[in-house]
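One letter stands for each residue in the lines below.
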Amino acid sequence: MGQPEHRGERRAEELPPGQRPQRGWPVTHYGPVPRFRAERWEFRVFGATADGDKHCWTHEEFSALPYHTVVADLHCVTKFSMRDVEWGGVPAATILELAPPAAEVSHVMVWAEYGYSANIRLSDFAADTTLFATHRDGELLTAEHGFPLRLVVPQLYAWKGPKWVRGVEYMTTDRRGFWEERGYHNIGDPWREQRYSYQEEPGEGPEP
Ligand SMILES: Nc1nc2c(c(=O)[nH]1)N[C@H]1C(S)=C(S)[C@@H](COP(=O)(O)O)O[C@H]1N2
Ligand SMILES: [Mo]
């Protein structure tokens, strides 16, 4: 562990269907960039935890968690992909160990500043390439790219990775997040080109 390595759904030099490579690092998000104040920041895990309690980390505590790197491609649903991005931070698996979910948890809602949210299946959240990133290429994230913390889920479209993330809600039933309520696919697998909610097959979305 700790070594950069290529993992996840990489298929040689291929990109997912409909994606084209992007140079540089554009900034893509809805709404303003939040200002970070360390003394007001905390990372919260809540909802259906195994012990029924809420788990909170201050910025200092979160920064002391074990640091790992993941090299992965980022796929924006607007059809650009960035290849071989090196992210550094805390694996989602570490959070699942430190704040275990109840046995019935099937999905998580990842919450960010200003109420942005993304729902993710527990299996995607628990994948060993899912990372709460603090760094890119060994440098702290900049404000517009999500400082102090963003989620990276390489096997899903990038809207499933909130920038400025503040917490995780463990859920025993599925519920749509911010973009999923606005016409984007509930699961968002780029290899299956799951872009829009009208493409959802029975069972891929929450019960109505
Ligand atoms: N909080 C928040 N996170 C977000 C978004 C957003 O609108 N708000 N947009 C997502 C989308 S659609 C993409 S493509 C990536 C872009 O990350 P970047 O600006 O660092 O390239 O952030 C994701 N995370
Ligand atoms: Mo995106």
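Residues numbered from 1 in each chain as written. Chains lettered and ligands numbered in written order. Predicted model: local features only at pLDDT ≥ 70, side-chain atom pairs only at ≥ 80, totals over all residues. Heavy atoms only, no water.

Engineer: Give a description of the site of ligand 1 that names residues and reports values.
Structural biologist: The immediate surroundings of ligand 1 are formed by 17 residues, with Thr28, Tyr30, His145, Arg150 and Lys163 found nearest. The separation between an oxygen atom of ligand 1 and a polar side-chain atom of Trp25 is 3.0 Å. Contact between ligand 1 and Tyr30: an oxygen atom at 2.7 Å from a main-chain N or O atom of the residue. For ligand 1, whose free accessible area comes to 530 Å², the fraction covered by protein is 97%. Residues that form the shell around ligand 1 fall into these classes: 11 nonpolar, 4 polar and 2 charged. (Near = heavy atom within 4 Å. Polar contact = N/O pair within 3.5 Å; in protein donor to acceptor, adjacent residues only side chain to side chain. Areas by Shrake-Rupley, 256 points an atom, 1.4 Å probe, with all protein chains shown as cover. Nonpolar A, V, L, I, M, F, W, Y, C, P; charged D, E, K, R; others polar.)

Engineer: Hey, could you go over the sheet that holds strand 7 (residues 117–121) for me, with residue numbers and the actual values?
Structural biologist: On the basis of which strands lie adjacent, the open sheet formed by 5 strands has the order 3-2-11-6-7 and mixed pairing. Taken across any chain shown, the strands that pair with only one partner, and hence form the sheet edges, are strand 3 (55–58) and strand 7. Averaged over all pairs of adjacent strands, the angle between strand axes in this sheet comes to 15°, irrespective of strand direction. Two elements, strand 2 (residues 42–47) and strand 11 (residues 165–171), share 4 bridges in a ladder whose sense is parallel. From the neighbouring strand, Arg44 faces strand 11, where its bridge partner is Gly167. (Pairing = 2+ DSSP bridges. Helix = DSSP H or I, 4+ residues; strand = E, 2+ residues; numbered from the N terminus. Axes fitted to C-alpha atoms, helices over the stretch in contact; angles between N-to-C directions.)

Engineer: How would you summarise the pairing of strand 5 (residues 80–91) if you had to cite specific residues and measurements?
Structural biologist: In terms of residue burial, strand 5 counts as a mostly covered element, since 9 of its 12 residues are buried. With 2 bridges connecting them, strand 1 (residues 20–21) and strand 5 associate as parallel partners. Of the residues in strand 5, the one forming a bridge with Pro21 is Ser81. Across 7 bridges, the pairing between strand 4 (residues 68–75) and strand 5 is antiparallel. Across the sheet, Ala72 pairs through a bridge with Val85, a residue of strand 5. Counted along the chain from strand 4 to the antiparallel partner strand 5, the turn is 4 residues long, and its residue Lys79 has a positive phi close to 95°. Inspection of the sheet shows strand 5 paired to strand 8 (residues 131–136) by 5 bridges, in the antiparallel sense. Each bridged residue has a counterpart across the sheet, and for Gly89 the counterpart in strand 8 is Ala133. (Buried < 20%, exposed > 50% of the residue type's maximum accessible area, 1.4 Å probe, protein only.)

Engineer: Any details on unusual backbone geometry? Residues and values, ideally.
Structural biologist: Note that the residue after Phe147, namely Pro148, is joined by a cis bond; omega there is 10°. Inspection of the secondary structure assignment puts Pro148 in the loop between strand 9 (139–140) and strand 10 (150–152). One non-glycine residue with positive phi stands out, namely Lys79, at about 95°. Here Lys79 shows up in the loop between strand 4 and strand 5. Judged by relative accessible area, which is 35%, Lys79 ranks as partly exposed. You will see that Asp137, though not glycine, has its phi angle at about 50°, which is positive. Assignment of secondary structure puts Asp137 in the loop between strand 8 and strand 9.

Engineer: Summarise the pattern of salt bridges; cite the residues concerned and give the values.
Structural biologist: Summed over the entire model, instances satisfying the criterion amount to 9 salt bridges. Of the charged contacts, one joins Arg166 and Glu113 as a salt bridge, the two residues approaching to 3.0 Å between their closest N and O atoms. Of this pair, Arg166 sits in strand 11 while Glu113 sits in the loop between strand 6 (107–112) and strand 7, placing them 53 residues apart in sequence. Across the pair Glu181 and Arg182 runs a salt bridge whose closest N-O atoms are separated by 3.9 Å. (Salt bridge = Lys/Arg side-chain N within 4 Å of Asp/Glu carboxyl O.)

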